[in-house]
Amino acid sequence: MDAVFRALPDASRRQLLDRLHVRGGQSLRELGEGLEMSRQAVSKHLAVLEEARLVTAVRRGREKLHYLDPVPIREVADRWIGKYERGRMAALTQPKRSLEGPAMEAKDAMDKPEFVYVIYIRATPGKIYQALTDPAFTRVYTGGTGPEPDWEVGSPVRWKSAPDGEFEELGQRVLEAEPGRRLSYTWHTLQPTHRALFDSDEEFTKACEERSRVAFGIEPAEVPEPGSKLTITHDGFTSPDGRMLEGTSGGWVMILSALKTVPEKGEPAARP
């Protein structure tokens, strides 16, 4: 957490974070456009932000794309903003968000239609893979919901949406399953319960055609202390402002924050 406070006072670094907040997945060249900084200076600032885990980079071909990582900021908020203060603070910040809304929406329209999130977990890659695939673990951090596949490539991923519900076949399939390294599967489409989110049947029908996919990459951390690095990439969205991208982005942040504690403890907690 000390690295976060060392990184944030610099105005140039905050400017880079603002740019990544508006549009994730930018290269070094894109981030430096229009700034009164040399390419080398931008690179050095990004290195500080990566060290503080405020920014994560994913290599795509020859390019290195950068994304804002909200975990450290959330940890700061969780530590110093009590649960009884959050409602009051949300009420105070809502008018500002409302005023900024139209401008932010216009900028967000340029965003890449994907969600990338990195979290460090003090556990081995094998333990993290087990936490992603073993129902004894998944039901803990998903609140009794989540997947029930056999994790063979091509097998269906049956999904339970409510703790007291049944596992359903929603057309999801396992794409990759490499223990300790990688797991990916197709995501379910919008369901009838989502119809209320749309203004018309036509809009809802079109949105239901979107079939995205999620992938978990597991590797040792760059230095031994954090343990292992888990990168989730949810892509295949047809629109950057779609309901599915909006819903899954927030959902994955909460799920992965809960998942982090499971392999670190080593054993699944008993269900209440």
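Below is a summary of the structure that appears in this document.

The rules behind each value
Residues numbered from 1 in each chain as written. Predicted model: local features only at pLDDT ≥ 70, side-chain atom pairs only at ≥ 80, totals over all residues. Heavy atoms only, no water. Core = buried A, V, L, I, M, F, W, Y, C linked by side-chain atoms within 4.5 Å. Buried < 20%, exposed > 50% of the residue type's maximum accessible area, 1.4 Å probe, protein only. Helix = DSSP H or I, 4+ residues; strand = E, 2+ residues; numbered from the N terminus. Contact = heavy atoms within 4.5 Å. Salt bridge = Lys/Arg side-chain N within 4 Å of Asp/Glu carboxyl O. Phe/Tyr/Trp six-rings, centres within 6.5 Å; stacked < 30°, edge-to-face > 60°. Lys NZ or Arg CZ within 6 Å of the ring centre and 35° of its normal.

**Here's the deal with the nonpolar core**
Proteins that are soluble and globular tend to have nonpolar side chains buried together.
Part 1: Counting 36 residues, the largest nonpolar core has Leu 132, Tyr 185, Phe 216, Leu 230, Ile 232 and Trp 252 as its most contacted members.
Part 2: The dominant element in this core, judged by the number of residues it contributes, is helix H10 (residues 243–259), at six residues.
Part 3: Setting aside its immediate chain neighbours within four residues, Leu 230 contacts Tyr 117, Val 118, Ile 119, Ile 121, Ile 128, Leu 132, Phe 216, Gly 217, Ile 218, Leu 256 and Leu 259.
Part 4: In terms of nonpolar packing, the next biggest core, distinct from the first, is built from 15 residues, Ala 7, Leu 16, Leu 46 and Ala 52 among them.

**A few points about the pattern of salt bridges**
Part 1: In the structure shown here, the tally under the stated rule is eight salt bridges.
Part 2: Salt-bridge contacts for Arg 182 lead to Glu 176; the nearest nitrogen and oxygen are separated by 2.9 Å.
Part 3: The class for Glu 176 is partly exposed, based on a relative accessible area of 27%.

**Some remarks on the packing of aromatic side chains**
Part 1: Under the counting rule described, the total for this entry stands at eight aromatic pairs.
Part 2: A centroid spacing of 5.6 Å and a plane angle of 85° characterise the contact between Phe 216 and Trp 252, whose relative ring orientation is edge-to-face. In this pair, Phe 216 is assigned in strand S8 (residues 213–220) and Trp 252 in helix H10, connecting sequence segments 36 residues apart.
Part 3: For Trp 252, a relative accessible area of 6% gives the class buried.
Part 4: An aromatic cluster of three or more residues is present, and its members are Trp 151, Trp 159, Tyr 185, Trp 187, Phe 216 and Trp 252.
Part 5: The ring of Tyr 120 is capped by Arg 53, whose NZ or CZ atom sits 4.3 Å from the centre of that ring.

**Considering the environment of Ile 255**
Part 1: Within the fold, Ile 255 resides in helix H10.
Part 2: For Ile 255, a relative accessible area of 24% puts it in the partly exposed group.
Part 3: Linking Ile 255 and Thr 142, residues 113 residues apart in sequence, is a C-alpha distance of 6.4 Å.

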